[in-house]
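# Results of the structural survey
This is what each chain is made of:
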Amino acid sequence: MTSLSGHGLHGGAPATVRFVREPGAVRLRRGSAEARIAELVLDGGGRSTTATTRDRRLRVHTVEHVFAALGALSIRDGVVIDVDGPEMPLVDGGARAFVDALSGLGCGPSPPTLRIVRAGTIDIGESRYELQPPQPDDANDIRVEVDHDFDDDRLERHARWRGDIGDFRDRIATARTFGFEHELGDLMARGLARHVAPESVVVVARGGILSAGRPFRADEPARHKLLDLVGDLYAHGGPCQGSIRATRPGHAATHEAMRRGLADGLLMLTRTR
């Protein structure tokens, strides 16, 4: 078992997450309530993903960074995510700490359970998801791309990942949570300013990019958007076998796009989760 502690980004409450080796499909646990990932109801409102069971006995906010680590490592069996608190701890602002903690458990990877079976485009409001099937006979063909116009010339809009675990750990998982200066009032109301370490966040202000710790790079917000996308895809069995290019992705839009893709036959679950 390994554990990480901190405060939630949006609520500010103290939280601890423990990764426990147990047989069976990956499960989320809080107190006496527990559910497999496939059993969770996913809500992408409020700038994060909240996982809930249908009976609402289990509810955990901001699960996307932990899910991104699980998705990148392709861990689908053998772990219980035991959360003490209403929200996952922000920890380092990305997913690197979660990747390292999960890697230490020694769980073997499992193939994705979500496969793109035919090309198509899904539009959800301002968000667009372009899907392409994997290359023939290549079960490891995983391509995830984000294109996000931040309306700020200082920020690069593209980020890509080709399914390599080392690349995810070093380049994608280290991308910190970010916000814009005009959002600070809302972020403070959610408890961010009181509890989160400055090294875990980036603030994009008119007068400059505010960050502590490692140097900021222009593509970091796009890489963090990609990190969030991988986490949200994991909740549906991903990251997908095949190529997904997301333009202006958001948590709610990604969950709706995956549900619609499965209903319309663009996506297929290859095994029971």
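Scroll up to find the structure this text is about.
Residues numbered from 1 in each chain as written. Predicted model: local features only at pLDDT ≥ 70, side-chain atom pairs only at ≥ 80, totals over all residues. Heavy atoms only, no water.

## Comments concerning the sheet that holds strand β7 (residues 59–60)
A sheet is described by the order of its strands in space; here three strands give the open sequence β5-β6-β7, paired in antiparallel fashion. Each edge of the open sheet is held by one strand with a lone partner, namely β5 (41–43) and β7. Bridge count between β5 and strand β6 (residues 50–52): three bridges; the pairing is antiparallel. Opposite Val41, over in β6, you have Thr52 as the bridge partner. (Pairing = 2+ DSSP bridges. Helix = DSSP H or I, 4+ residues; strand = E, 2+ residues; numbered from the N terminus.)

## What about the environment of Val60?
Within the secondary structure layout, Val60 lies in strand β7. The sequence separation of Val60 and Asp84 amounts to 24 residues, and the corresponding C-alpha distance is 9.5 Å. Not counting the four nearest positions on each side in its chain, Val60 is found in contact with Leu28, Arg30, Thr49, Thr50, Ala51, Val83, Pro86, Glu87 and Met88. (Contact = heavy atoms within 4.5 Å.)

## What to know about the packing of helix α6 (residues 220–234) against helix α7 (residues 251–263)
Look at α6 against α7: their axes get within 10 Å of each other, and the N-to-C directions meet at 40 degrees. Classed by the angle they form, the pair α6 and α7 counts as oblique. By crossing handedness, the relation of α6 to α7 is classed as right-handed. Here Asp228, Leu229, Asp232 and Leu233 of α6 lie close against α7, whose contacting residues are His251, Thr254, His255 and Met258. (Axes fitted to C-alpha atoms, helices over the stretch in contact; angles between N-to-C directions. Parallel < 35°, antiparallel > 145°, perpendicular 65-115°, else oblique. Left-handed = near helix turned anticlockwise from the far one by under 90°.)

## Here's the deal with the packing of aromatic side chains
Each aromatic ring pair is summarised here by two numbers: the centre-to-centre distance and the angle between the ring planes. Within the structure shown, the criterion is met by five aromatic pairs. With centroids separated by 5.6 Å and ring planes inclined at 55 degrees, the aromatic side chains of Phe67 and Tyr234 adopt a geometry described as tilted. Of this pair, Phe67 sits in helix α1 (residues 64–73) while Tyr234 sits in helix α6, and the two are 167 residues apart along the sequence. An aromatic cluster of at least three residues, connected via ring pairs, comprises Phe150, Phe178 and Phe180. (Phe/Tyr/Trp six-rings, centres within 6.5 Å; stacked < 30°, edge-to-face > 60°.)

## A short note on the pairing of strand β13 (residues 158–161)
Only one face of β13 is covered, namely the face carrying Ala159 and Trp161; the face carrying His158 and Arg160 is uncovered. Where strand β12 (residues 142–147) meets β13, four bridges bridge the pair, whose relative direction is antiparallel. Directly across from Val146, in β13, lies its bridge partner Ala159. (Buried < 20%, exposed > 50% of the residue type's maximum accessible area, 1.4 Å probe, protein only.)

## Regarding the layout of surface pockets
Where empty space is left can be seen by rolling a probe of water-molecule size over the atoms. Considering only enclosed or pocket space, the second largest pocket measures out at about 190 Å³ in volume. Together, 16 residues line the second largest pocket, and Ser74, Pro112, Asn140, Ile142 and Gly163 are the ones closest to its centre. Looking at the lining of the second largest pocket element by element, the count peaks at three residues for α1. Its residues assigned to classes, the lining of the second largest pocket comprises ten nonpolar, five polar and one charged. (1 Å grid on protein atoms, 1.4 Å probe; cavity = no way out; pocket = protein on both sides within 12 Å on 5 of 7 lines; lining within 4 Å. Points joined across faces, edges and corners; volume = space filled by probe spheres on them. Nonpolar A, V, L, I, M, F, W, Y, C, P; charged D, E, K, R; others polar.)

## Regarding the pattern of salt bridges
Side-chain pairing between opposite charges can occur once the charged atoms of the two side chains come close. Taken as a whole and judged by the stated rule, the model has 24 salt bridges. With a shortest N-O distance of 3.1 Å, Asp147 and Arg245 are connected by a salt bridge. Placement of the pair is Asp147 in strand β12 and Arg245 in strand β17 (residues 242–247), with a sequence separation of 98 residues. Put simply, Arg223 and Asp219 hold a salt bridge, and the shortest N to O gap is 3.1 Å. Summarising the burial analysis for this pair, Arg223 and Asp219 share the class buried. The network of salt bridges with shared partners includes Glu130, Glu145, Asp147, Arg157, Arg160 and Arg245. (Salt bridge = Lys/Arg side-chain N within 4 Å of Asp/Glu carboxyl O.)

## A look at the sheet that holds strand β14 (residues 177–180)
Sheet architecture is open: three strands sit in the order β14-β15-β16, paired in mixed fashion. At either end of the open sheet lies a strand with only one pairing partner, and these are β14 and β16 (208–211). Direction aside, the axes of adjacent strands within the sheet are offset by 20 degrees on average.

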